[in-house]
Amino acid sequence: MTGREWIEAVFEQVRARNAGEPEFHQAAAEVFDSLRIVVDRHPHYAESGLVERLCEPERQIIFRVPWMDDDGKVHVNRGFRVQFNSALGPYKGGLRFHPSVNLGIVKFLGFEQIFKNSLTGLPIGGGKGGSDFDPKGRTDAEVMRFCQSFMTELHRHVGEYTDVPAGDIGVGAREIGYLFGQYKRLTNSYESGVLTGKGLAWGGSQVRTEATGYGLAYFVDEMARTAHDGLEGRRVVVSGSGNVAVHAIEKMQQLGALVVSCSDSGGYIVDDKGIDLEIVRDIKERRRGRISEYVDAVPSASYVDGGSLWDVPCDVALPCATQNELDEDAAKVLIGNGVRIVAEGANMPATPGAVTAFRQSGVAFGPGKAANAGGVATSALEMQQNASRDSWSFEYTDQRLAKIMVGIHERTIETADEYGMPGDYVHGANIAGFVKVADAMTALGVI
Ligand code: GLU
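For the structure given in this document, a descriptive report is provided here. Computed from a predicted structure; not experimentally measured.

## So, the overall build of the protein chain
Turning to step 1, where the next piece is worked out: The number of helices and strands found in the protein chain is 16 helices and 12 strands.
Turning to step 2, where the next piece is worked out: With the principal axes as the frame, the protein chain shows a C-alpha extent of 65 × 55 × 45 Å.
Turning to step 3, where the next piece is worked out: A total of 447 residues make up the protein chain; the buried ones form 58% of that total.
Turning to step 4, where the next piece is worked out: Residue pairs in contact within the protein chain that sit at least 24 positions apart in sequence constitute 71% of those at least 6 positions apart.
Turning to step 5, where the next piece is worked out: Total accessible area computed for the protein chain in this model is approximately 17,400 Å², and 50% of it derives from carbon and sulfur atoms.
Turning to step 6, where the next piece is worked out: In the protein chain, the 45 positive side-chain charges and the 59 negative ones have mean positions that sit 5 Å from each other.

As structure tokens, then:
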């Protein structure tokens with residue numbers, strides 16, 4: 001069997017034994033596409049069941065999360081933690097609270113996290129978790145009771161040297177606070193390093209809140225530099241208006257770009273003068289309102305109910321909402337409108353058809369594994385500060401983040417060059433992420 005035939009066989013096996021998990025298949029297919037190239041050149045990666053082991057999580061935990069709402073009604077949600085790979089360090093990855101969460105979603109996110117975390121160059125393995133709990137419309141007290149119930153099971157499986165969860169969609173500082181409080185109470189120990197994304201007063205790191213969005217902008221800045229282009233005055237479209245989107249907009253504006261559009265699940269706004277971020281933050285962060293309210297404050301802006309924000313002409317497109325939000329048709333519209341750079345702030349927001357369209361038409365495409373790694377990288381910096389009982393300044397932490405993003409960009413580009421695919425960020429990120437984990441797994445033996 002040739003290396004390529006063997007890769008096909010392993011992929012078929014992954015699909016068959018993980019039936020009904022299309023997002024996991026999608027994430028695996030993209031990595032396997034790059035693995036073919038690696039195995040051609042380095043056949044030893046096909047040995048010792050290495051790829052088969054990489055595709056099978058080390059441990060998967062599924063548990064019941066019962067909780068009581070404010071009216072005394074009992075709800076039952078499902079909790080997940082997939083501990084995918086710990087060759088490079090403790091499992092590390094966020095928790096997502098969203099009604100769409102199921103095992104396949106958590107596995108796709110956990111699988112991506114292995115390579116993303118490897119690419120940061122920091123000592124963190126890959127994992128992910130969450131629940132199909134929907135925080136939308138729930139009171140603080142309800143969210144607290146849910147988090148306490150969730151942690152009552154999860155606390156047995158996590159720890160500073162074992163598994164370190166953080167936030168993701170639906171999990172921010174409020175939820176991390178309730179989760180940490182319950183962990184501390186159950187274990188009778190102030191183990192700061194068990195969760196990241198903590199508040200600044202109780203073990204959190206400066207820049208962690210901003211990190212995914214800022215890191216994305218630093219990465220895009222490098223992409224633009226590599227393409228002998230600048231961001232000054234460039235029209236930028238950012239999907240979403242959550243934590244990643246808001247901080248991406250902020251940093252892109254600081255880098256001189258003109259961000260004209262952002263969205264939520266209801267629709268999108270266009271403000272050709274440049275989005276007023278304070279208004280967006282007031283609506284989304286302080287009032288937990290809808291993006292449509294933006295036009296009340298800025299009557300010259302427009303709101304489109306539903307529709308595709310990718311119709312808005314731009315030079316740079318940053319999908320920062322959720323998986324598969326940008327499909328092939330949307331990609332073709334963006335390409336037709338002259339987009340030059342697309343980078344993923346969310347995890348797997350571009351469908352395989354969209355990614356192919358961008359790559360074929362010469363648009364620089366930064367995959368999430370590389371472009372959005374600033375969040376988890378800063379989580380690793382939070383872990384470093386917790387381990388040394390230190391806390392760094394905003395400026396110093398931000399510098400570390402910027403340096404990490406430049407390093408990720410460099411590794412990605414160098415690897416793409418090394419494998420004869422200059423400018424291909426997808427192969428570059430997959431291969432660079434894979435090789436480091438694979439070498440560590442080989443060194444640690446068949447475990
Ligand atoms: N959820 C984020 C991600 O997708 C951050 C994870 C973390 O900080 O552990 O990378």
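So, next bit.
## Focus on the nonpolar core
Turning to step 1, where the next piece is worked out: Judged by nonpolar contacts, the single largest core of 59 residues is most densely connected at Val220, Met252, Tyr294 and Leu318.
Turning to step 2, where the next piece is worked out: With nine residues, the top contributor of residues to this core is helix H7 (residues 211-226).
Turning to step 3, where the next piece is worked out: If you look at the next biggest cluster of nonpolar residues, it comprises 41 residues, including Trp6, Phe11, Tyr45 and Leu88.

## A closer look at the site of the ligand
Turning to step 1, where the next piece is worked out: In the vicinity of the ligand lie 14 residues, with Lys92, Lys116, Asp168, Arg208 and Ser379 positioned nearest.
Turning to step 2, where the next piece is worked out: Glutamine 113 is positioned such that a nitrogen or oxygen atom in its side chain is 3.1 Å from an oxygen atom of the ligand.
Turning to step 3, where the next piece is worked out: Within the backbone of glycine 167, an N or O atom sits 2.9 Å from a nitrogen atom of the ligand.
Turning to step 4, where the next piece is worked out: Broken down by secondary-structure element, the contributors of at least two residues to the shell around the ligand are strand E3 (91-97), helix H4 (103-119) and helix H14 (374-387).
Turning to step 5, where the next piece is worked out: For the shell around the ligand, a count of residues per class yields two nonpolar, seven polar and five charged.

## A few points about the sheet that holds strand E10 (residues 316-319)
Turning to step 1, where the next piece is worked out: Spatially, E9-E8-E7-E6-E10-E11-E12 is the arrangement adopted by the seven strands of the open sheet, whose pairing is mixed. The two strands at the open ends of the sheet, each matched to only one other strand, are strand E9 (302-305) and strand E12 (364-366). Direction aside, the axes of adjacent strands within the sheet are offset by 15 degrees on average.
Turning to step 2, where the next piece is worked out: Note: strand E11 (residues 341-343) against E12, three bridges, orientation parallel. What sits directly across from alanine 343, in E12, is glycine 366.

## What to know about helix H11 (residues 328-336)
Turning to step 1, where the next piece is worked out: Listed as buried for H11 are Ala330, Ala331 and Leu334. Angularly, the buried residues of H11 cover 100 degrees about the axis, an arc narrow enough to put them on a single face. Exposed positions of H11 whose direction lies more than 90 degrees from the buried face are Asp329 and Gly336.
Turning to step 2, where the next piece is worked out: Close packing links the buried residues of H11 with E10 and helix H12 (352-360).

## Observations concerning the pairing of strand E4 (residues 126-131)
Turning to step 1, where the next piece is worked out: For E4, the buried fraction is high: six of the six residues fall into the buried class.
Turning to step 2, where the next piece is worked out: Here E4 shows a buried face lined by Gly126, Lys128 and Gly130 and a second buried face lined by Gly127, Gly129 and Ser131.
Turning to step 3, where the next piece is worked out: For the handedness criterion, the β-α-β arrangement of E3, H4 and E4 is classed as right-handed.

## Some details on the pattern of salt bridges
Pairing is possible between side chains that carry opposite charge, provided their charged atoms lie close to one another.
Turning to step 1, where the next piece is worked out: As enumerated under the stated definition, the model contains 32 salt bridges in all.
Turning to step 2, where the next piece is worked out: Note that arginine 17 is salt-bridged to glutamate 56, the shortest N-O span being 3.6 Å. Here arginine 17 is found in helix H1 (residues 3-17), whereas its partner glutamate 56 is found in the loop between helix H3 (50-55) and strand E1 (59-68), with 39 residues between them in sequence.
Turning to step 3, where the next piece is worked out: The residue arginine 156 makes a salt bridge to glutamate 153 at a minimum N-O spacing of 3.2 Å.

## Overview of helix H16 (residues 425-444)
Turning to step 1, where the next piece is worked out: The end-to-end C-alpha distance of H16, which contains 20 residues, comes to 29 Å, matching closely the 28 Å that a straight helix rising 1.5 Å per residue would cover.
Turning to step 2, where the next piece is worked out: Burial analysis of H16 places 14 of its 20 residues in the buried class, the great majority of the element.
Turning to step 3, where the next piece is worked out: Looking at where H16 begins, the residue whose side-chain oxygen comes 3.0 Å from the main-chain nitrogen of valine 426 is aspartate 424.
Turning to step 4, where the next piece is worked out: Once H16 ends, the next one or two residues include glycine 445, with phi positive near 85 degrees.

Reading the values: the criteria
Residues numbered from 1 in each chain as written. Predicted model: local features only at pLDDT ≥ 70, side-chain atom pairs only at ≥ 80, totals over all residues. Heavy atoms only, no water. Helix = DSSP H or I, 4+ residues; strand = E, 2+ residues; numbered from the N terminus. Buried < 20%, exposed > 50% of the residue type's maximum accessible area, 1.4 Å probe, protein only. Contact = heavy atoms within 4.5 Å. Areas by Shrake-Rupley, 256 points an atom, 1.4 Å probe, with all protein chains shown as cover. Lys, Arg positive; Asp, Glu negative; His and termini not counted. Charge placed at Lys NZ, Arg CZ, Asp CG, Glu CD. Core = buried A, V, L, I, M, F, W, Y, C linked by side-chain atoms within 4.5 Å. Near = heavy atom within 4 Å. Polar contact = N/O pair within 3.5 Å; in protein donor to acceptor, adjacent residues only side chain to side chain. Nonpolar A, V, L, I, M, F, W, Y, C, P; charged D, E, K, R; others polar. Pairing = 2+ DSSP bridges. Axes fitted to C-alpha atoms, helices over the stretch in contact; angles between N-to-C directions. Arc of directions from axis to C-beta. Right-handed = clockwise from strand over helix to strand, strands pointing away. Salt bridge = Lys/Arg side-chain N within 4 Å of Asp/Glu carboxyl O. Expected span 1.5 Å × (residues − 1).

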